[in-house]
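The lines below spell out each chain.
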Amino acid sequence: MNVSFNGLLHVISEMPNAVAVYDSEDLNIAIANEKMLKMWNRADNLDGQRLGDIFPEYIEQGFEGLLRNVWKTGEAFSGEEIPADILIDGILTPRYFDFKYNPLKDQNGITYAILHTATDVTDRKLAREQVAERQASEENVKAELQATNEELTTLNEEYMATNEQLDKYNYAINEINTKLTETNKNLGNANQGYKTSNERLNTANHRLNKDIDDLKSINDAIQDLNNRLADSEQGFQNLIAQAPVAILLTKGEDFIIEKINSTMLNILGRDESIIGKPLFEQIPELKGQLAADLLKETFEFGESREEISSPVRLLLDGQLREGFFNFNFTPFIENGKVTGVIDVAVEVTAQVLAIRDREETIRQKVVLEETLRNSEKRLQGILETMAEGVGIVDHTGQLVYANPMAQQILGLTSSDIESRTYSDPRWQNLRIDGSPLPDEEHPMTVMMTTGSKVFDMEIGVQRPDGSRQYISINAAPIFNEDGNLTGGIGTFMDVTSRRMILQGKDDFISIASHELKNPVTSLKAALQLLERAHNRLPEESRSKLISQALSSLDNLSRLIHDLLDTSRLEQGQMKMDKSTVSINDLFNDCCAHIANDSKQHITLSGQKMLSVYADSQQIGQVLVNFISNAIKYAPDSKEIVVYVSQIGDDEIKISVKDSGPGIPKENLSHLFERYYRTNYEGKKFTGLGLGLYISAEIIKNHGGRIGVESELGKGSEFWFTLPTQASHQQNIS
Ligand code: ADP
């Protein structure tokens, strides 16, 4: 789990609404915040448990299938007022939820978690149902009232009719009474008829009284219904006032605030004084906002409108602040006519801000990842083009990375890296003196065991193929945040050539001192003998000693010349003084005396009259060097032939051929290197290994080529070429 995801989990744990995150396909709960636990009616912390294990009734109701589908398809799922039975006090209790399953994806679009947000809307739903029920019962009461009124009217009419009838009867009675009185007066025997009329009158009166009683009980029923209506009105008002969601009822086209609960007043930041007044007069900032438009539409078209997470700007504490709401506008209908609008709203600002915060976190994560990728690319580019080898080892010393230069220096392929440690036994580590380097002295081990940096430590490495190289190592430890050593980084340079030069110089100094010592010793011995006994020595011995001294001096002077020439060549100070010279003259000038002194027969043959344009002194030195070497290394060769030939139009080739022992093939390519001398077992030859090196440099400076052909037992032929005089003249013209 990465840092941002952890951050998200932390944000979730702090969120005021119900949120859970599942971080595996089998719905492991990474986090369920307190609100969610409360909603699930679970008290304990469930982080790290499977949803199905702790919440089987949720799973049985099909929510697992929905979640798995979100994981599989990567598409969000949301539901509104979805029923779910929650185990409360051991009883499955129906509740309603608005919820959303949002997949969280990494930069590759792969779902790595599901964000489950939910709102328990049971109360809202029940409130709405109750309102509907109330409305229905109100309608019923009204209908009953209507019927009763009609009945009452009928009864009243009957009553009036009866009264009229009664009046008529009374009138008739009076008339009869009058007539009776008259008749009594006149006919005293009419008493019986009068009595009968009285009885009929009593019966009518009795019926009238009964009707009046009926009328009374109907009036009572009406009164009772009126009371019930008042109670229901009060209950309805209480319900609205106490509802946890914000409710507002406006009436008429001026949207007069008829009813508003405290939740809505809180949201609007107003008090009850706004009741009975036009909404847009009291909350003018609503004008032009989407909520206001939808409210008007609901009234105008008599159709519900709703919006989720919709921004609404309200003037709170003198400042226009933006909040987010899920709201629903429903037409308020009376007697089949839209007379107002019911607005039910739930504030979701915290959730929207949390989601924005999460989106911002994700955006920042993406930017950071991009930056990281770029800097990794840059680093990779640097590492791949570096002239130094870079190797990284883990805490066990296993090589986990070697840049191309490191691979080149160590002769590794990428697959070798996996199996290579810095103390791999197939690579024999050596001290500078060639002795095996114990593991504990390896600079990487020193760095890993001491945790300190190591600078410019040079070691030798013998590869599995036996070849040796020398590397200079800088090593630095890598620590993690807790200060523990997690590996190390080594940078190294191939210093084999530097080491070889140093080695060569060491060898050279020892050879040079030895070579210089020999003629000096012999010169000193000859001079000492002459000093001590020159009077006593015969003439012949004296001149022998003098020529021995001179020969030693010659040797010494040759060695010193070679050394001087080498250093001049290295510093580019060997100046050329070119002129046209024939090979014949060149040979006679420089080599005649060698030829005379030598036991071997030295001849010049071929096209010896050819001329070259060259520094005659330097070319003479090359020729002398070839001939002296032939005399020195092929002493048994009776004849040494200097042969001149024209090669093509542009070159003249001069070769010196002996029939000496020849040179092993593997040595041939090194002969012209500085300080190189082959080892002739048993035989001691003087020399510094510089003659051929100087010759090669001279020829190169003249634009020619130099080489050797030799076969063991058959002699050697050293040769060089020079541009002809003609090609030289062509070049200068
Ligand atoms: P050095 O001063 O040792 O003679 P050079 O550079 O003149 O140095 O020669 C290098 C090596 O080449 C010699 O040590 C010798 O072994 C070999 N070499 C030169 N010329 C001949 C030759 N004609 N026959 C055999 N070996 C030769």
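The paragraphs below set out a description of the structure included in this document. Here the structure is a predicted model, which is why all the values come from computation and not from measurement. (Residues numbered from 1 in each chain as written. Predicted model: local features only at pLDDT ≥ 70, side-chain atom pairs only at ≥ 80, totals over all residues. Heavy atoms only, no water.)

## So, a negative patch on the surface
Defined as follows: Patches were defined on residues exceeding 30% relative accessible area and lacking a salt bridge, with like-charge contacts within 9 Å and nonpolar side-chain contacts (Val, Leu, Ile, Met, Phe, Trp, Tyr) within 5 Å. Only the protein chains shown count as cover for residues, with accessible areas throughout obtained via the Shrake-Rupley method and a probe of 1.4 Å. Salt bridges are identified by distance alone: a Lys or Arg side-chain nitrogen within 4 Å of an Asp or Glu carboxyl oxygen. In this tally, Asp and Glu contribute negative charge and Lys and Arg positive charge; neither His nor the terminal groups of the chain are included. All charge positions are set by atom: Lys at NZ, Arg at CZ, Asp at CG, Glu at CD. Strands here are runs of E lasting at least two residues and helices are runs of H or I lasting at least four, both read from the DSSP assignment and numbered beginning at the N terminus. With a 1.4 Å probe rolled over the protein chains alone, any residue whose accessible area is under 20% of its type maximum counts as buried; one over 50% counts as exposed, and the rest are partly exposed.
Taken together, the side chains of Glu157, Glu158, Asp211, Asp213 and Asp214 define an acidic patch exposed on the protein surface. A per-element tally of the negative patch places helix α6 (residues 191–242) first, with three residues. For Asp211, a relative accessible area of 31% puts it in the partly exposed group.

## Considerations on the pairing of strand β16 (residues 485–494)
For clarity, the threshold we go by: In this scheme, strands are said to pair when DSSP sees at least two bridges between them.
Pairing of strand β11 (residues 389–394) with β16, which is carried by six bridges, proceeds in the antiparallel orientation. Note that in β16 the partner of Val390 across the bridge is Thr491. Counting the residues between successive antiparallel strands, the hairpin from strand β15 (residues 468–479) to β16 contains five residues, one of them, Gly483, with a positive phi of roughly 85 degrees.

## Here's the deal with the nonpolar core
In summary, soluble globular proteins display a tendency toward joint burial of nonpolar side chains. Note the cut-off: Throughout this description, the term nonpolar core refers to a set of buried Ala, Val, Leu, Ile, Met, Phe, Trp, Tyr and Cys residues connected via side-chain atoms within 4.5 Å. In what follows, residue pairs with any heavy atoms lying within 4.5 Å of each other are defined as contacts.
Of all hydrophobic cores here, the largest spans 46 residues; its most connected members are Leu623, Ile627, Val642 and Phe720. No other element matches the seven residues that helix α16 (residues 583–597) contributes to this core. Beyond its immediate chain neighbours, meaning those up to four positions away, Phe720 contacts Ile619, Val622, Leu623, Phe626, Ile652, Lys653, Ile654, Ile699, Arg705 and Ile706. Formed by 27 residues, the second largest nonpolar core is a distinct cluster that contains Met39, Ile54, Leu67 and Phe97.

## Structural notes on the sheet that holds strand β22 (residues 706–711)
For the record, the criterion: Under this scheme, a helix contributes an axis fitted over its contacting stretch, all axes are lines through C-alpha atoms, and angles between N-to-C directions fall in the 0 to 180 degree range.
The strand order across the open sheet formed by five strands is β18-β20-β21-β23-β22, and the pairing between neighbours is mixed. A strand with exactly one partner marks an edge of an open sheet, and here the two such strands are β18 (601–606) and β22. Between one strand axis and the next, the sheet turns by 15 degrees as a mean value, whatever way the strands run. As paired elements, β22 and strand β23 (residues 715–723) share six bridges and run antiparallel to each other. Looking across to β23, one finds that Gly707 is bridged to Trp719. Packing of helix α17 (residues 616–633) onto the sheet brings it into contact with β18, β20 (639–647), β21 (651–657), β22 and β23, and relative to β23 it is tilted by some 175 degrees. Across the sheet, helix α19 (residues 691–701) is in contact with β22 and β23; its angle to β23 comes to roughly 25 degrees.

## A look at the packing of aromatic side chains
Rule in force here: Between rings of Phe, Tyr and Trp, where Trp is taken as its six-membered ring, a pair exists when centres lie within 6.5 Å; planes separated by under 30 degrees are stacked, by over 60 edge-to-face, and by other angles tilted. Definition used: whenever NZ (Lys) or CZ (Arg) falls within 6 Å of the ring centre and also within 35 degrees of the ring normal, the charge is taken to sit over that ring.
Counted according to the given criterion, the structure contains 11 aromatic pairs. Centroid distance Trp40 to Phe55: 5.1 Å. Interplanar angle 65 degrees. Geometry classified as edge-to-face. Of this pair, Trp40 sits in helix α2 (residues 34–40) while Phe55 sits in the loop between α3 (51–54) and α4 (56–73), and the two are 15 residues apart along the sequence. A single burial state applies to Trp40 and to Phe55, both of which are buried. Of the aromatic side chains, those joined through ring pairs into one cluster are Phe63, Phe77, Phe99 and Tyr101. Taking NZ or CZ as reference, Lys296 lies 4.9 Å from the ring centre of Phe280, over its face. The cationic tip of Arg499 hangs over the ring face of Tyr470; the distance from NZ or CZ to the ring centre is 5.9 Å.

## Brief notes about the packing of helix α15 (residues 539–570) against α19
Definition in use: Note on angle classes: values under 35 degrees are labelled roughly parallel, values over 145 roughly antiparallel, values of 65 to 115 roughly perpendicular, and the remainder oblique. In this scheme the handedness of a crossing depends on how the near helix is turned from the far one: anticlockwise by less than a right angle means left-handed, clockwise means right-handed. Only Asp, Glu, Lys and Arg are considered charged in this grouping, and only Ala, Val, Leu, Ile, Met, Phe, Trp, Tyr, Cys and Pro are considered nonpolar; every other residue, Gly among them, is considered polar.
The geometry of α15 relative to α19 is characterised by a closest axis approach of 10 Å and an angle of 40 degrees between their N-to-C directions. The angle between α15 and α19 places the two elements in the oblique class. For the element pair α15 and α19, the recorded crossing hand is left-handed. Taken together, the residues of α19 that come into contact with α15 (itself represented by Asp562, Asp565, Thr566, Leu569 and Glu570) are Gly691, Tyr693, Ile694, Glu697 and Asn701. Considering only residue class, the contact of α15 with α19 consists of three nonpolar, three polar and four charged.

## Section: the sheet that holds β16
Backbone hydrogen bonds hold the strands of a sheet together, and the pairing may be parallel or antiparallel. Spatially, six strands are ordered β12-β11-β16-β15-β14-β13 in an open sheet, and the strand pairing comes out antiparallel. Edge positions in the open sheet fall to β12 (399–402) and β13 (428–430), since each of these has one partner strand only. With strand direction ignored, the average angle separating the axes of adjacent strands in the sheet is 35 degrees. Relative to β12, β11 runs antiparallel, the two being bridged by three bridges. Across the sheet, Val393 pairs through a bridge with Leu399, a residue of β12. Docked against the sheet, helix α13 (residues 443–450) engages β11, β14 (454–462), β15 and β16, running at close to 155 degrees with respect to β16.

## Focus on helix α9 (residues 290–301)
Operational definition: Helix span, expected: 1.5 Å multiplied by one less than the number of residues in the helix.
For α9, built from 12 residues, the straight-helix expectation of 16 Å at 1.5 Å per residue is met to within 8% by its first-to-last C-alpha distance of 16 Å. If you follow the buried residues of α9, they end up packed against β6 (246–251), α8 (279–282), β8 (305–316), β9 (319–334) and β10 (337–347). Immediately beyond the C-terminal end of α9, within one or two residues, lies Gly302, with a positive phi of roughly 65 degrees.

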